[in-house]
Every structure is written in structure tokens, then in C-alpha cells.
Amino acid sequence: MAHASSELLTRLLRDVSRSFYLTLRVLPARLRAPIGLAYLLARTTDTIADTGLISLEQRLESLRRLQQRIAGQGSEPLNFNGLAERQALPAEALLLQQTEGALALLAEMAPGDRQLIREVLAIITSGQELDLVRFAASSRDHITALQTDEELDDYTYRVAGCVGLFWTRLCRAHLFPQARLDMETLLGNAVRFGKGLQLVNILRDIPADVGQGRCYLPRPGLESCGLQPADLLDPRVEPKFRSVYSLWLERAQGHLEAGWTYTNSLPHSCMRVRLACAWPLLIGTRTLKLLRTSNVLEPNRRVKVPRAEVRRLIARTVLWYPWPGRWKRLFADA
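Everything numeric here is computed off the predicted structure, so don't read it as measured data.

Trainee: Summarise a positive patch on the surface; cite the residues concerned and give the values.
Mentor: On the surface, Arg18, Lys304, Arg307, Arg311, Arg312 and Arg316 cluster together into a patch of positive charge. Within the secondary structure, Lys304 is located in the loop between α14 (271-291) and α15 (307-319).

Trainee: Let's hear about the environment of Cys171: which residues, and what values?
Mentor: Take Cys171: it is sitting in helix α9 (residues 149-174). With relative accessibility at 1%, the residue Cys171 sits in the buried group. The spatial distance from the C-alpha of Cys171 to the C-alpha of Arg329 is 24 Å, given a sequence separation of 158 residues. Apart from residues no more than four positions distant in its own chain, Cys171 is found in contact with Leu31, Phe176 and Val273.

Trainee: Outline the packing of aromatic side chains, listing residues and values.
Mentor: Tallying each qualifying case throughout the model produces nine aromatic pairs. For the ring pair Phe241 and Tyr245, a centre distance of 5.2 Å and an interplane angle of 45 degrees mean the geometry is tilted. Highlighted residues: Phe241 and Tyr245, both in helix α13 (residues 238-265), separated by four residues, approximately one helical turn. As far as burial versus exposure is concerned, Phe241 and Tyr245 are alike and both buried. When the ring of Tyr321 is compared with that of Trp327, the centres are 5.2 Å apart and the planes differ by 80 degrees; the resulting orientation is edge-to-face.

Trainee: Account for the nonpolar core, naming residues and giving values.
Mentor: Ranked by internal contacts, the top residues of the largest apolar core, which has 107 residues, are Leu203, Leu217 and Phe241. If you tally residues by element for this core, the top one is α14, at 11 residues. Here Leu217 is in contact with Ala145, Leu146, Leu152, Ile202, Leu203, Ile206, Leu222, Phe241, Tyr245 and Trp248, once residues within four sequence places are set aside.

Trainee: Describe the state of the cysteines, and please don't skip the residues or the numbers.
Mentor: Throughout the structure, instances matching the rule amount to zero disulfides. In this structure Cys162 is a free cysteine whose sulfur lies 15 Å from that of Cys171, the closest cysteine sulfur available. Assessed through its relative accessible area of 2%, Cys162 is described here as buried. Counting only cysteine sulfurs, Cys171 is the nearest neighbor of Cys270, a cysteine outside any disulfide, at a range of 7.5 Å. You can call Cys270 buried: its relative accessible area is 11%.

Trainee: Residue-level account of the packing of α14 against α15, with values.
Mentor: Packing of α14 against α15 brings their axes to within 10 Å, and their N-to-C directions diverge by 140 degrees. When the interaxial angle is binned, α14 and α15 end up oblique. Considering how the two elements wind past one another, α14 and α15 form a crossing that is right-handed. Along its contact with α14, which presents Leu275, Ala278, Trp279, Leu282, Ile283 and Arg286, the element α15 presents Glu309, Val310, Leu313, Ile314, Thr317 and Val318. In terms of residue class, the contact of α14 with α15 is built from nine nonpolar, one polar and two charged.

What counts as what
- Residues numbered from 1 in each chain as written.
- Predicted model: local features only at pLDDT ≥ 70, side-chain atom pairs only at ≥ 80, totals over all residues.
- Heavy atoms only, no water.
- Patch = residues over 30% accessible without salt bridge, like charges linked within 9 Å, V, L, I, M, F, W, Y side chains within 5 Å.
- Areas by Shrake-Rupley, 256 points an atom, 1.4 Å probe, with all protein chains shown as cover.
- Salt bridge = Lys/Arg side-chain N within 4 Å of Asp/Glu carboxyl O.
- Lys, Arg positive; Asp, Glu negative; His and termini not counted.
- Charge placed at Lys NZ, Arg CZ, Asp CG, Glu CD.
- Helix = DSSP H or I, 4+ residues; strand = E, 2+ residues; numbered from the N terminus.
- Buried < 20%, exposed > 50% of the residue type's maximum accessible area, 1.4 Å probe, protein only.
- Contact = heavy atoms within 4.5 Å.
- Phe/Tyr/Trp six-rings, centres within 6.5 Å; stacked < 30°, edge-to-face > 60°.
- Core = buried A, V, L, I, M, F, W, Y, C linked by side-chain atoms within 4.5 Å.
- Disulfide = S-S within 2.5 Å.
- Axes fitted to C-alpha atoms, helices over the stretch in contact; angles between N-to-C directions.
- Parallel < 35°, antiparallel > 145°, perpendicular 65-115°, else oblique.
- Left-handed = near helix turned anticlockwise from the far one by under 90°.
- Nonpolar A, V, L, I, M, F, W, Y, C, P; charged D, E, K, R; others polar.

Shown next, in the form of C-alpha cells:
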């Protein structure tokens, strides 16, 4: 089992998410296994939800069966080989084939870590199921939009904001159980941290999502500037769309600022955790700056921070860490 654990939490984790794997490697060793396993299980459920070559009913049933096993309910072996055959990426096929191995690792986790993983996966899968049902009849020719800002806020909480709670509670238990912290404020900012990262992805991926019939930006905001969800398929309406889009950019920025406050509220001695938080935040806020000056409806021009720039951002976080005042200014300078 030790060899299987090493393969799942190193090679497979690296292959399904190279960027997250780099973040994971900077964390203290005691956090890598529970956080890495939670990510693998979440990626497994996400892969099931995204397997569009099978019916909605099959995907929902597979998700529910896996969630029951994650929750410790039942022991019937799961065989997702049929789903694995439908994957375009070999790493995602292997991820589905190794589901039982991941569940075995979950059973071996310390009780406190196992419970936290179960809680966060329950919320994440609820968001994935909601997404599948909400957009069940959607397509490029039949676009479904969220109806309220609250629906979008709820979605970003379920698939990302809850991860901030999981991360914080795990770090608290393993790294600074006795530190004097304002936990209510810290947890609130942790949720906003996760929501902000998810909202950046939504704001960046509008052409791809709308092309699949999914419009995460609420309909009333679009109608306020004279648009319907289907209009977002035309890059020429971007100037008209910009008024409502800019409001969501500012909301995302506010969430990321809360995430930066969160990062700087963690004990300064926890350098590895603070670096792991800083990197996605700095990349996220830099992405927002690029989105402010790009045609965000252009389907063939996905905004992305260049790798060289990412490397420079990472280098600065390490270089300036010994000087707290200078380090705190990195977010504003990104």
C-alpha cells in the first residue's frame, strides 16, 4: 500500500494537475497526503461529471455511488473502467481506474483528516451534481444562464469556497493549533479566497462555457445592458458587455484581496503555507488585470499569464519573504 500511495500522490497527481502539484510540493510534508488525496478525489468526481459521452443519469449515479463510498457508506467495489475508456487524457482514465486505491488511502487517513476530507467532498460533489442538473438540457443552441447573483455565489462556494475552509482547518490542526487567531474572520476570508479563484476561472472561460450552453453570469445583469446569454457567442458585443463584466471583475478582485488578507493573517513562521496561498492569488490578480484589457468573448484567445511571468511572481515571493512589509506589497504590484 505504501507503493500505491506513493504512485497516487506523486506521479498520478502530477499528471492530472501539474500546477497544483507544484503548490502541493511546497507544503509541509504532513499536509501533502490529506490535501493531495482530497484533490485526487475531487478531480475524480469532476472527471465523472465532465464525461459527456455518457448519459446524465449515468453520471449522476456514478457520482452518488462514489460520494457514498467517500462518506464511508457501503463497501461495494466501484468499477469505472467503462468511464475510463471514454477519457481523452490517459491520466484521467488512470484516475478513474485507481478510484479504489484512493478510497483505500482515505480509509488509512487519521480520523480528523478523514472527516475533513469527507466534509469538503460532500460539498464539492453537491455543486457538481447541481451543475449537471442545472445545465442538463443546455447546448450552444440552447444556453442556460444562472438567474441570480446568489446562485453564482452559492456555486462558487460549493466548488471552491468550501476548499478554503478545509485547507484552513487542516492547517490549524497540523501546524498552529495553539496560535491566537481570529478564526471567524480567518475562515470568512478563506471562503472568499476560494470563491475568488473560481470566479476568475468563470470570467476567463466565458466563451468556452457559453459554447457548451452554460452561462454562469446571471441573466438580470446581462439584460441590464441589453444582452441575452446567446449574444455572448459574438465577440463584437464585448464593448456592450463590458459594463456588467467589469462589476464581476471587481467582485473577483475583492475576493482575492480577502484571500491576501487571509494569507498574511497566518503565522509568519508558516512560510510554506503562505507561499502556497500567495502563488494562486498573485496569478489570479494578474489574470484579472489582463482580462480588463482583453476581448473576453474572443473564443480563440484564452487569457493566461505567461509562464515566464509566473516564474517571476514565484521568485519574488521567496525573495521578499524575509521583509514582511515588502512582501505584503506583492499583491498590489502583481
